[in-house]
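Listed here are the chains, written in short residue letters.
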Protein chains: 2
Amino acid sequence: MNAGTETVGQTDANAIHDAMVTLGQAARAAMQELATVPAETKNKALREAAKAIRASKEALLAANAKDMAAAEANGTQGAMLDRLMLNDDRVEAMAKGLEDIAALEDPVGSVMAEWDRPNGLRIQRVRVPLGVIGIIYESRPNVTADAGGLCLKSGNAAILRGGSESFHSSRAILDCLHQGLRMANLPTGAIQIVPTTDRAAVGEMLTMPDLIDIIVPRGGKGLIERVQAESRIPVIAHLDGNCHVYIDRAASSDKAADIVFNAKMRRPGICGAAESLLIDRSIAESVLPTIVERLSEAGCEIRGDAATQALDSRIAAASEEDWDTEYLDAIISVKQVDGVDAAVDHINRHGSHHTDSIVTEDEGTAEKFLSRVDSAIVLHNASTQFADGGEFGMGAEIGISTGRLHARGPVGVEQLTTFKYVVRGNGQVRP
Amino acid sequence: MNAGTETVGQTDANAIHDAMVTLGQAARAAMQELATVPAETKNKALREAAKAIRASKEALLAANAKDMAAAEANGTQGAMLDRLMLNDDRVEAMAKGLEDIAALEDPVGSVMAEWDRPNGLRIQRVRVPLGVIGIIYESRPNVTADAGGLCLKSGNAAILRGGSESFHSSRAILDCLHQGLRMANLPTGAIQIVPTTDRAAVGEMLTMPDLIDIIVPRGGKGLIERVQAESRIPVIAHLDGNCHVYIDRAASSDKAADIVFNAKMRRPGICGAAESLLIDRSIAESVLPTIVERLSEAGCEIRGDAATQALDSRIAAASEEDWDTEYLDAIISVKQVDGVDAAVDHINRHGSHHTDSIVTEDEGTAEKFLSRVDSAIVLHNASTQFADGGEFGMGAEIGISTGRLHARGPVGVEQLTTFKYVVRGNGQVRP
């Protein structure tokens, strides 16, 4: 049950394999217990874990200081370093996040649909946990608390593999989660961390279909691509968010400026941040200057196509690569296009099927954009930064799925369940 | 658009790769057209294809005769040969199947849920097609019509790869589907067949994530395992149906006999057929003789554990392997167990998470079985042969998914869609 507490050396492949199997078996044992546990027991574990996080703030910050020092020594900076950092507010946010998850409705056991057949059979579609979920993520240590909490709430056992750069922070957070589990008499196998930073452990996770049911990767393109290529287990992919705002010729210029500024600069490091601005060529000259002014003043680097660059000396030249880049930083690329059709084409070609927004007062143009852009979330006259389970009213999320199967968009506790059909009869046989 | 009409030789790997890319590109072009086509246009294509199938009956039977002769020459027999066979009834059933699909409600564009947020954003969850679906199946030629029809109805483009043994039958059926598409002015790229029986083509399909969105394998364990191991594309798995009936000590012996007989013998070759009978040890002696008698009279081979074998000289000895075997034939294994807990353990260990039934008059025992058996479909006092989209009232199905993600149980037109979030605002930005 406690396989998450020793550290395995970096070199012994057999030891890593054995450690992963031990983890997987503990997770499966915990999963069977979790599947039939009352909501209140899971909620108690979550609330006790929140208490433990608040009580352990100093220990958490000390563990995080080790990770931060190592990252800075490795030359990490900017948004990447910010993602790794814990402070008082972020520790409190983790605790609050677990309490919020405790307050959510328990999805397990809820009847999604039920109907009767002419032969008297009664059919119900009932939510059940997915099983054992392997979560592979990069630097943000708070994912340890969020993902562990969401999996627990939805009755799943979690095997977490955080980035090596957040190893100490994540282990300290795990200790708090385990305190919560123990207070509720739940097995600590319900939430475990891979006990090594060796990348080979990820390879093991991806090839354990008998022990892990679902893999959820969270991170950059490199991580996701590796997971998708190697995994023998179904993947709920959280790819990069190369999100767009398109300003139509019929846009309100005030709304356009507010939405672009918010979509880029509210938090440039989140996956729902806009990376590219598309604008109808016919209004670029009148609408762009205000936007360029606001972005530049806020320290945002702007990279434009030739026509856009000509408007302002602060605009750098965009390369072809820029249209495919998720900066996760205060940088935006700007392109002038010939109307909504060209915008849709550009987004479907260069976007990541995550979140894209149109600014227009023309309903017909908006509907065209909303129906043709092939993304998990499409918005009209709203910021792409609303791409968030909380903002959707779904509670906390494990991420935004850019895959097409099972879960698309925010992945919350409901999306971490599957279902079974329960059929009740009185002796029916099929003719 | 017409890449499905030439046959590629068996040896040239480059030619196969090129042919598959051509197929994939035609499918993606067709998919974009299909996504916005009105329901009536798709329904017209389906009804015209049904007409073409009826009008082409002689050609279909002649093509099937070629496949049958080759299969018999290869020594194929029993249930496998029956699966391959077309006759008047089965041709009519294919035509009727397409008309039934035309009569279903179009899932595309339907609003699954909608709600307003306090900030005025209106959020809708809207059904959209999955995209391009690759379907890999074995002998049954009617899958060509069913799968092609279901994909078309749900707005997806289909790339079909049938068994080499049904190649001529499937090509003749495809011709009818293309007639339907042409009558509705839809691209024939909407439904294509892999133009070679070379197994390398399957390898190509599984590694084309840019061109194919979802892989649906239908067939035996060997096929599914190969697909799951090799695929770089998400898979909706249709694994084998190692289905169980458990007769509890509180069972009605009449219901038990009727349900077991129906679950095994109504059609022994379908995935919902029962393969193993579990029975509470305490009632085996009183309940089994009638069941053994009925099954034996109907020509069913019975393989039992030692205790069961002792009851009747017609019962052969079951080996450990029997508990894991999907016979797809008139054979059943019988095991005596110590109550519902042992039955649940056996099913979760040896079953295929497909369909399992309990016969009991005790509601508490039934609920325990229904909640603890980890299968897509669990039944109380009803035959496992109800595991069928039509019997569930969902219309035609492409199969029964034993995977946990996205679709579990019958996969019909609704399960062949995904969704997107459409968010409408009036200038909202995130605080």
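What counts, and at which threshold
All residue numbers refer to position in the chain's written sequence, counted from 1. Chains carry letters and ligands carry numbers; both start at the beginning, A for chains and 1 for ligands, and go up in the order they are written. Local features in this predicted model are restricted to residues whose pLDDT is 70 or higher, and side-chain atom pairs enter the listing and the counts only when it is 80 or higher, whereas totals over whole chains, interfaces and linings include all residues. Secondary structure follows DSSP: runs of H or I at least 4 residues long count as helices, runs of E at least 2 residues long count as strands, and numbering of each begins at the N terminus. It is over C-alpha atoms that the radius of gyration is taken, and the globule rule equals 2.2 Å times the number of residues to the power 0.38. Counting other C-beta atoms within 10 Å of a residue's C-beta gives its exposure: the residue is buried at 20 or more, exposed at 12 or fewer, and partly exposed in between, where C-beta atoms are placed from the backbone. Each residue gets a C-beta atom placed from its backbone, and two residues are in contact if those atoms lie within 7 Å. A score from 0 to 100, pLDDT tells how confident the predictor is in each residue. When the copies are overlaid, the least-squares fit takes in C-alpha atoms only where the residue has pLDDT of at least 70 in both copies. For two strands to be treated as a pair, DSSP must find at least two bridges joining them. All axes are obtained by fitting lines to C-alpha atoms, using only the stretch in contact for helices, and the reported angles, taken between N-to-C directions, cover 0 to 180 degrees. The start and end points of each domain follow an automatic or database-based domain assignment. For this classification, the nonpolar set comprises Ala, Val, Leu, Ile, Met, Phe, Trp, Tyr, Cys and Pro, the charged set comprises Asp, Glu, Lys and Arg, and every other residue, Gly included, is treated as polar. What a helix should span is 1.5 Å times the count of its residues minus one. Throughout, a crossing is termed right-handed when the near helix is turned clockwise from the far one, and left-handed when it is turned anticlockwise from it by less than a right angle. Handedness of a crossover is defined as follows: with both strands directed away from the viewer, a clockwise route from the first strand across the helix to the second makes it right-handed. Note on terminology: angles under 35 degrees are roughly parallel, angles over 145 are roughly antiparallel, angles of 65 to 115 are roughly perpendicular, and the others are oblique.

A. The overall build of chain A, seen in detail. Broken down by element type, chain A carries 14 helices and 16 strands. In summary, chain A has a C-alpha radius of gyration of 24 Å against a globular reference of 22 Å for 431 residues, a match within 12%. Here chain A holds 431 residues, and 57% of them are scored as buried. Long-range contacts, defined here as pairs at least 24 residues apart, represent 72% of the contacts in chain A between residues at least 6 apart.

B. Representation of the confidence of the model for chain A within the structure. Residue and element names in this part refer to chain A. Across chain A, the average pLDDT comes to 93, with 97% of residues at 70 or higher. Every residue in residues 1–6 scores below 50 in pLDDT, and together they form 17 contacts with partners more than four places removed in sequence or on other chains. Predicted as a complex, the structure gets a pTM of 0.88 and an ipTM equal to 0.89.

C. How the structure looks around the relation of the copies chain B and chain A. Between the two copies, chain B and chain A, the superposition gives an RMSD of 0.1 Å; the rotation angle is 180 degrees and the shift along the axis is 0.0 Å. In short, the pair behaves as if placed about a two-fold rotation axis. Taking the C-alpha atom as reference, chain B places histidine 406 of chain B closest to the rotation axis, 1.8 Å from it.

D. Inspection of the sheet that holds strand 6 (residues 214–218) of chain A at higher detail. All names here are of chain A. Taken in spatial order, the four strands make up an open sheet running 5-4-3-6, and their pairing is parallel. Across the chains shown, the open sheet's two edge strands, defined by having one partner strand only, are strand 5 (191–193) and strand 6. When the angles between neighbouring strand axes are averaged without regard to direction, this sheet yields 20 degrees. Against the sheet, helix 1 (residues 13–35) touches strand 3 (132–137), strand 4 (157–161) and strand 5, its axis set at about 145 degrees to strand 4. Relative to the sheet, helix 6 (residues 142–153) contacts strand 3, strand 4, strand 5 and strand 6, its axis offset from that of strand 4 by approximately 160 degrees.

E. Molecular detail of the domain arrangement of chain A. All names here are of chain A. Partitioning chain A into structural domains gives domain 1 (3–238 + 405–423) and domain 2 (243–386). On a C-alpha basis, the centroid separation for the pair domain 1 and domain 2 is 34 Å. Facing the six residues of domain 1 at the interface are six residues of domain 2. Looking at the side of domain 1 that touches domain 2 residue by residue, the classes come out as one nonpolar, two polar and three charged.

F. Seen up close, helix 7 (residues 167–183) of chain A. Residue and element names in this part refer to chain A. Taking 1.5 Å per residue as the helical rise, helix 7 with its 17 residues ought to reach 24 Å, and the 25 Å between its terminal C-alpha atoms agrees with that figure. Within helix 7, the full set of buried residues consists of Phe167, Ser169, Ser170, Ala172, Ile173, Leu174, Cys176, Leu177, His178, Gly180 and Leu181. Looking at the buried side of helix 7, the elements it contacts are helix 2 (39–55), helix 3 (57–73), helix 6 and strand 5. Two residues or fewer past helix 7, asparagine 185 is found with a positive phi of approximately 55 degrees.

G. Structural context of unusual backbone geometry. Residues and elements named next belong to chain A. At asparagine 185, a residue that is not glycine, the phi angle is positive and equals roughly 55 degrees. Within the secondary structure layout, asparagine 185 lies in the loop between helix 7 and strand 5. Given 11 C-beta atoms within 10 Å, asparagine 185 falls into the exposed group. The residue leucine 328 is not glycine, and still its phi comes out positive at about 55 degrees. If you trace the backbone, leucine 328 turns up in the loop between strand 10 (315–317) and strand 11 (331–337).

H. Looking closely at the pairing of strand 3 of chain A. Residues and elements named next belong to chain A. Burial runs high along strand 3: six of the six residues are buried. Of the two faces of strand 3, both are covered, the one formed by Val132, Gly134 and Ile136 as well as the one formed by Ile133, Ile135 and Tyr137. As judged from the five bridges shared by strand 3 and strand 6, these two strands associate in the parallel manner. Across the sheet, isoleucine 133 pairs through a bridge with isoleucine 214, a residue of strand 6.

I. Focus on the environment of lysine 153 of chain A. Residues and elements named next belong to chain A. As for its position among the elements, lysine 153 is in helix 6. In sequence terms lysine 153 and valine 413 are 260 residues apart; their C-alpha atoms lie 6.9 Å from each other. In contact with lysine 153, other than residues within four places in its own chain, are Lys42, Leu46, Ile101, Leu104, Asp106 and Val413.

J. Seen up close, the interface of chain B and chain A. Taken together, the contacts link 51 residues of chain B with 51 residues of chain A. Breaking the side of chain B that touches chain A down by element, the ones donating at least two residues are helix 9 (221–230), helix 10 (253–265), strand 13 (377–382) and strand 16 (417–428) of chain B. For the side of chain B that touches chain A, the leading source of residues is strand 16 of chain B, giving eleven residues. Taken together, the residues of the side of chain B that touches chain A break down into 22 nonpolar, 17 polar and twelve charged. Bridging between strand 13 (residues 377–382) of chain A and strand 16 of chain B involves five bridges; their strand directions are parallel. What sits directly across from alanine 382 of chain A, in strand 16 of chain B, is glutamine 428 of chain B.

K. Inspection of the packing of helix 10 of chain B against helix 11 (residues 281–297) of chain B at higher detail. Residue and element names in this part refer to chain B. Orientation of helix 10 relative to helix 11, taken along the N-to-C sense of each, is 35 degrees, at an axis distance of 10 Å. Handedness of the helix 10/helix 11 crossing: right-handed. Here helix 10 contributes Ser253, Ala256, Ala257, Val260, Phe261, Lys264 and Met265 to the contact with helix 11, which in turn contributes Val287, Thr290, Ile291, Arg294 and Leu295. Across the contact of helix 10 with helix 11, the residue classes break down as eight nonpolar, two polar and two charged.

L. The sheet that holds strand 8 (residues 274–280) of chain A, seen in detail. Within the open sheet, the ten strands sit side by side as 10(A)-9(A)-11(A)-8(A)-7(A)-12(A)-13(A)-16(B)-2(B)-1(B). Their pairing is mixed. Edge positions in the sheet fall to strand 10 of chain A together with strand 1 (111–116) of chain B, since each has one partner strand and no second. Between one strand and the next, the sheet's axes are offset by a mean angle of 25 degrees, whatever the strand orientation. Sheet topology places strand 1 of chain B next to strand 2 (residues 122–129) of chain B; five bridges connect them, and they run antiparallel.

M. Up close: the environment of leucine 211 of chain A. Residues and elements named next belong to chain A. For leucine 211, the position within the fold is in the loop between helix 8 (200–206) and strand 6. Leucine 211 gets classed as buried once you count the C-beta atoms within 10 Å, which come to 24. A C-alpha to C-alpha distance of 20 Å links leucine 211 and lysine 420, two positions 209 residues apart in sequence. Among residues more than four places away in sequence, those in contact with leucine 211 are Gly24, Gln25, Ala27, Arg28 and Val132.

N. Local environment of helix 6 of chain A. Residues and elements named next belong to chain A. With twelve residues, helix 6 should cover 16 Å at 1.5 Å per step; its first-to-last C-alpha distance of 17 Å lies within 8% of that length. Taken across its twelve residues, helix 6 has eleven buried, putting it largely inside the fold. Every buried residue of helix 6 is accounted for by Val143, Thr144, Ala145, Asp146, Ala147, Gly148, Gly149, Leu150, Cys151, Leu152 and Lys153. Once helix 6 finishes, glycine 155 follows within two positions and takes phi at roughly 80 degrees, a positive value.

O. Region of interest: the pairing of strand 8 of chain A. Residue and element names in this part refer to chain A. Of all seven residues that make up strand 8, seven are buried, and the element is covered over most of its length. Looking at chain direction, strand 7 (residues 243–247) and strand 8 are connected through five bridges and run parallel. Residue tyrosine 246 lies in a different strand from strand 8, and its bridge partner there is leucine 278. Handedness of the β-α-β unit built from strand 7, helix 10 (residues 253–265) and strand 8 comes out right-handed. In terms of strand pairing, strand 8 meets strand 11 through five bridges, oriented parallel.

P. Here's a closer look at the packing of helix 2 of chain A against helix 7 of chain A. Residue and element names in this part refer to chain A. Between helix 2 and helix 7, whose axes approach to 7 Å, the crossing angle comes to 140 degrees. Considering the angle they form, helix 2 stands oblique to helix 7. Every pair of crossing elements has a handedness; the one defined by helix 2 and helix 7 is right-handed. Of the residues in helix 7, those touching helix 2 at Lys44, Ala45, Leu46, Glu48, Ala49, Ala52 and Ile53 are Cys176, Leu177, Gln179, Gly180, Leu181 and Met183. Of the residues belonging to the contact of helix 2 with helix 7, the class tally is nine nonpolar, two polar and two charged.

Q. Summary view of the environment of valine 245 of chain B. All names here are of chain B. Here valine 245 shows up in strand 7 (residues 243–247). Given 30 C-beta atoms within 10 Å, valine 245 falls into the buried group. The spatial distance from the C-alpha of valine 245 to the C-alpha of alanine 256 is 8.8 Å, given a sequence separation of eleven residues. Those residues within four positions of valine 245 in sequence are excluded, and the remaining contacts are Ile259, Val260, Ala263, Ala274, Leu277, Ser357, Val359 and Thr384.

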